[in-house]
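Listed here are the chains, written in short residue letters.
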Amino acid sequence: MFGGIDIGSRTVKIVVMENGEVRDFQVRNSGYDPYAQASELASELIKAYKPKRLVATGYGRHAFEVDFAHSVITEIKAHSLGARYLCPNCRTVIDVGGQDSKGISLNEKGRVINFRMNDRCAAGTGRFLEIMAKTLGFSIEEFGKEALSAEESVKINSMCTVFAESEVISLISRRVPLLSIALGVHKAIADRISSLIGRLNLSPDVVFTGGVANNICVHRLLERKLKQKILVPRHPEIVGAMGAAIEAGTA
Amino acid sequence: MEDYHGMWAELGLDLERHDEFLEGLGPAYQEIYLNQEFRPKGMEYFDFTTSEIHGLRIKELLELKKKGHKIVGTFCVYVPEEIVMAARGVWVGVCGGSQFSIPDAERILPSNLCPLIKSAFGFMEAKTSPYYQVPDFFVGEATCDGKKKVWEIFGNYVPFYTMEIPNSKSYMGKRLWLDEVIKFKEKMERESGVSITPEELEEKIQLINRKRRTLARFFDLRKADPPPISGKDALLVSQIAYYDDPERFTTKVNVLCDELEEKVQKGMGVVKKGTPRIMISGCPFALPFWKLHHTVESSKAVVVCEESCVGTRYFTNPVDEGCPTLEDKFKAIADRYLKINCSCFTPNEERIEEIARYVRDFKVDGVILFTLQFCLTYSIECIKVQKALKRFNVPVLEIETDYGEQDVGQLQTRIEAFIEQIS
Ligand code: SF4
Ligand code: SF4
């Protein structure tokens, strides 16, 4: 039994694997103290499954290494391992999480050969979507589906989350239909992601992971923009934790 | 340590804020430098010099000044050191490398400007570093847009002289540069009231060449696997080169090299043999900018070379020695400096050749292309460099950052992932 934990800025994910199969997984909001959430989850898991090794990833990985994990890997390696496990022909990973977005190129053997990651700001990440959904009054679960049903979209010009929010508010007050704004927001994020990863070789299979991959509208817009079929696994948000568990099993 | 507050007060520093600045440096130095394992004994001198950089070194400079030497503050490796010295001047590099002074600069300068320029300006304007109080005058250069326009503003506060640097190394460019070198010589002579003799100039050419050869020897030792010194320590030596007395500095670096040579012979290093070897290439690392090296070396890798003005560009190519006439000597100086491959030149193919050579010589596993935020010339040049390195199959990571701490988590992830990729 091997465990992987992904301590992200928005959620903590944990996965237990046995003989190459996922035995159990959990996702929890990071809240104010991701580390406390992660410790709690890890303690429960260790008690229940007694994993031989536990590997941590995500931005909280180093703090966690001291107390629980046997080793740490970066999100880049974790998502690559996870995506490759779910889809053995994967050569490109697009991972969009709470505060990061990344594009990763793999060689035939699945080794990382190049990657791109967003700089310090939250544009083009899950956080951006979350704030926009809230401003527009959609639930995050329905946001993508609703936006996809829009007939028209307006262009959102600001890249910055804070400015985009005020732009959206002024569009609302100008009585632009909410669905058009919602689609505009999704287009903005898809543009941002595709320009981030544009310099990579986007060889197929392309796998989309991270919480934002649950959003059908971002998924479809990216396919259209990149002119590629993009695969989204079930539970894309746990792919990083899965990768960590796989690493735990091989190290 | 001696109390220098009297000296600083006389220099007109904002004592309270200056103290605040120095207090911030102590713990950072402890964490980044003193906690390293297997440090060479020869680094003690550089630790000492760093700790006294606002103290003893300033005192020395003030004494030299009293004896009639002109203290010249510079911002670029294009300003000829041997000419300053031949006219009884002291050359000090005063680029800014700290976040501390940036808010002061941003009250006046646009914030979307390279941190190196902002930091220097902030220290000068808010009087928080003695290095902007001691010099008799400053020499800027017309290189990047940011610098050449900020020098105009700088000149409103302190005596300032600007050298024109050509945009290309063409025939006309070379003529312009030689002209500028001669004009600078005349400026130095006017300032110090001495005329430069061939003997004096030859002596200084040889002195600075000795410093360059010693630094080249030092860098050569880093080619060993495992390297006998950390990239952070090597960086500090390169940084101190801008502040220290050249004669003493050369002696101390040679002492350090002797020790490192012995280590290399015994196969001893600061990391295990086979540790991923990183070269950082791009913008300068002004003191105390250690963030990038520290992040790399906290991620199970070692920095073995800096293709940077605080690094190889500072010491490659000595000036031809023994040229018969004064005129020939100035020509030799101009020629040497124009071989520095800075991204402000167009085209700049030689830099790419140089990088490729270092990748081979230093057995580099991966290159980090480092750009300071808002540095257009280096950031655009990344496209070409990256393409060239791809041909040689060398993995590349582009990093754009500034002096702040807010991106440390992000940097760490990217650098660790890069090291996972190349290990
Ligand atoms: S990078 Fe260019 S402008 Fe800056 S110090 Fe070096 S040579 Fe001068
Ligand atoms: S780092 Fe770039 S922008 Fe900054 S001073 Fe040097 S050349 Fe100019």
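Residues numbered from 1 in each chain as written. Chains lettered and ligands numbered in written order. Predicted model: local features only at pLDDT ≥ 70, side-chain atom pairs only at ≥ 80, totals over all residues. Heavy atoms only, no water.

Quick look at the overall build of chain A
Check the secondary structure of chain A and you find nine helices and ten strands. Compactness check: chain A gives a C-alpha radius of gyration of 18 Å against a globular reference of 18 Å for 251 residues, within 12% of the reference. Principal axes of the C-alpha set define a box for chain A whose edges measure 60 × 40 × 30 Å. Counting only residues that meet the buried cut, chain A has 53% of its 251 residues in that class. Taking the intrachain contacts of chain A between residues at least 6 apart in sequence as the baseline, contacts between residues at least 24 apart amount to 64%. Put simply, chain A shows about 11500 Å² of open surface, and 51% of that area lies on carbon and sulfur atoms. Computed over 32 positive and 27 negative side-chain charges, the separation of the two mean positions in chain A equals 5 Å. (Helix = DSSP H or I, 4+ residues; strand = E, 2+ residues; numbered from the N terminus. Rg over C-alpha atoms; globule rule 2.2 N^0.38 Å. Buried < 20%, exposed > 50% of the residue type's maximum accessible area, 1.4 Å probe, protein only. Contact = heavy atoms within 4.5 Å. Areas by Shrake-Rupley, 256 points an atom, 1.4 Å probe, with all protein chains shown as cover. Lys, Arg positive; Asp, Glu negative; His and termini not counted. Charge placed at Lys NZ, Arg CZ, Asp CG, Glu CD.)

Remarks on the environment of A:L171
All names here are of chain A. Residue placement: L171 occurs in helix α6 (residues 161-173). L171 sits in the buried class, given a relative accessible area of 7%. Separated by 17 residues in sequence, L171 and V154 have C-alpha atoms that sit 8.9 Å apart. Once residues within four sequence positions are removed from consideration, L171 is found in contact with V154, I156, V176 and I181.

Notes on the site of ligand 1
Lining the immediate surroundings of ligand 1 are B:F75, B:C76, B:V77, B:Y78, B:T143, B:K147, B:C309, B:C342 and B:Y378. Of the residues belonging to the shell around ligand 1, the class tally is seven nonpolar, one polar and one charged. (Near = heavy atom within 4 Å. Nonpolar A, V, L, I, M, F, W, Y, C, P; charged D, E, K, R; others polar.)

Some details on the domain arrangement of chain A
Residue and element names in this part refer to chain A. Once the domains are mapped, chain A shows domain 1 (1-87 + 237-251) and domain 2 (89-232). Taken over C-alpha atoms, the centre of domain 1 sits 25 Å from the centre of domain 2. At the interface, twelve residues of domain 1 touch 27 residues of domain 2. Summing both sides of the interface, domain 1 and domain 2 together bury roughly 1500 Å²; the carbon and sulfur share of this comes to 62%. In terms of surface lost to domain 2, no three residues of domain 1 exceed R10, I76 and R84, which account for 41% of the buried area on that side. The interface formed by domain 1 and domain 2 includes one salt bridge. For the salt bridge of E130 with R10, the shortest nitrogen-to-oxygen distance reads 2.6 Å. Counting every contact that joins domain 1 to domain 2 gives eight residue pairs in polar contact (both at pLDDT 80 or more). Considering every element that reaches the side of domain 1 that touches domain 2, the biggest residue donor is helix α3 (residues 75-86), with six residues. (Domains from an automatic or database assignment. Buried area = accessible area lost by both parts, 1.4 Å probe. Salt bridge = Lys/Arg side-chain N within 4 Å of Asp/Glu carboxyl O. Polar contact = N/O pair within 3.5 Å; in protein donor to acceptor, adjacent residues only side chain to side chain.)

Observations regarding the site of ligand 2
Residues in contact with ligand 2, as listed here, are B:C114, B:I117, B:C144, B:K147, B:C283, B:P284, B:L372 and B:C375. Broken down by class, the residue content of the shell around ligand 2 amounts to seven nonpolar, no polar and one charged.

Topic: the pattern of salt bridges
The final tally for this structure, using the stated rule, is 52 salt bridges over all chains. Across the pair A:K145 and A:E142 runs a salt bridge, and its minimum N-O distance is 3.9 Å. Of this pair, A:K145 and A:E142 both sit in helix α5 (residues 140-148), separated by three residues, roughly a single helical turn. Here B:E152 and B:K149 are joined by a salt bridge, their closest N and O atoms 2.8 Å apart.

Points about the packing of α5(A) against helix α8 (residues 216-226) of chain A
Residues and elements named next belong to chain A. The contact between α5 and α8 brings their axes to 7 Å, and the two run at 50°. With respect to their mutual orientation, α5 and α8 come out oblique. For the pair α5 and α8, the contacting residues are G144, K145, A147 and L148 in the first and I216, C217 and R220 in the second. Each residue belonging to the contact of α5 with α8 can be placed in one class, and the counts come to four nonpolar, one polar and two charged. (Axes fitted to C-alpha atoms, helices over the stretch in contact; angles between N-to-C directions. Parallel < 35°, antiparallel > 145°, perpendicular 65-115°, else oblique.)

Description of a negative patch on the surface
On the surface, B:D14, B:E16, B:E20 and B:E23 cluster together into a patch of negative charge. On the accessibility criterion, B:E16 (68% relative accessible area) is exposed. (Patch = residues over 30% accessible without salt bridge, like charges linked within 9 Å, V, L, I, M, F, W, Y side chains within 5 Å.)

Digging into the packing of aromatic side chains
All names here are of chain B. Taken as a whole and judged by the stated rule, the model has 38 aromatic pairs over all chains. Ring geometry for F21 versus F123: centroids 5.1 Å apart, planes at 65°, classification edge-to-face. Of this pair, F21 sits in helix α2 (residues 15-34) while F123 sits in helix α7 (residues 115-126), placing them 102 residues apart in sequence. Seen from their ring centres, F154 and F160 are 5.5 Å apart, and the 50° between their planes marks the pair as tilted. Accessibility expressed as a relative area gives 0% for F154, which makes it buried. (Phe/Tyr/Trp six-rings, centres within 6.5 Å; stacked < 30°, edge-to-face > 60°.)

A look at the packing of helix α9 (residues 171-192) of chain B against helix α15 (residues 326-337) of chain B
All names here are of chain B. Where α9 meets α15, the closest approach of the two axes is 9 Å, and the angle between their N-to-C directions is 120°. Considered as vectors, α9 and α15 are oriented oblique to each other. Relative to α15, the crossing made by α9 is right-handed. Listed contacts from α15 to W177, L178, V181, I182 and K185 of α9 are F330, K331, A334 and Y337. When grouped by side-chain class, the residues that make up the contact of α9 with α15 number seven nonpolar, no polar and two charged. (Left-handed = near helix turned anticlockwise from the far one by under 90°.)

Observations concerning the pairing of strand β1 (residues 70-74) of chain B
All names here are of chain B. Of all five residues making up β1, four are buried, and the element is well covered by its neighbours. With five bridges connecting them, β1 and strand β2 (residues 89-93) associate as parallel partners. Opposite K70, over in β2, you have G89 as the bridge partner. Between the parallel pair β1 and β2, the chain is carried across by helix α5 (residues 81-86), and the sense of this crossover is right-handed. Bridge count between β1 and strand β3 (residues 137-142): three bridges; the pairing is parallel. Bridge assignment links V72 to a residue of β3, and that residue is F137. (Pairing = 2+ DSSP bridges. Right-handed = clockwise from strand over helix to strand, strands pointing away.)

Considerations on the interface of chain A and chain B
Between chain A and chain B, the contact holds 19 residues from the first and 20 residues from the second. A combined buried area of about 1600 Å² lies between chain A and chain B, and 39% of that area is made up of carbon and sulfur atoms. Linking chain A to chain B there are two salt bridges. Residue A:R61 pairs with B:E416 through a salt bridge whose shortest N-O separation is 3.1 Å. One can count nine residue pairs in polar contact (both at pLDDT 80 or more) joining chain A with chain B. Elements with a contribution of two residues or more to the side of chain A that touches chain B: α2 (61-67), α3 and β8 (112-117) of chain A. Across the side of chain A that touches chain B, the residue classes break down as six nonpolar, four polar and nine charged.

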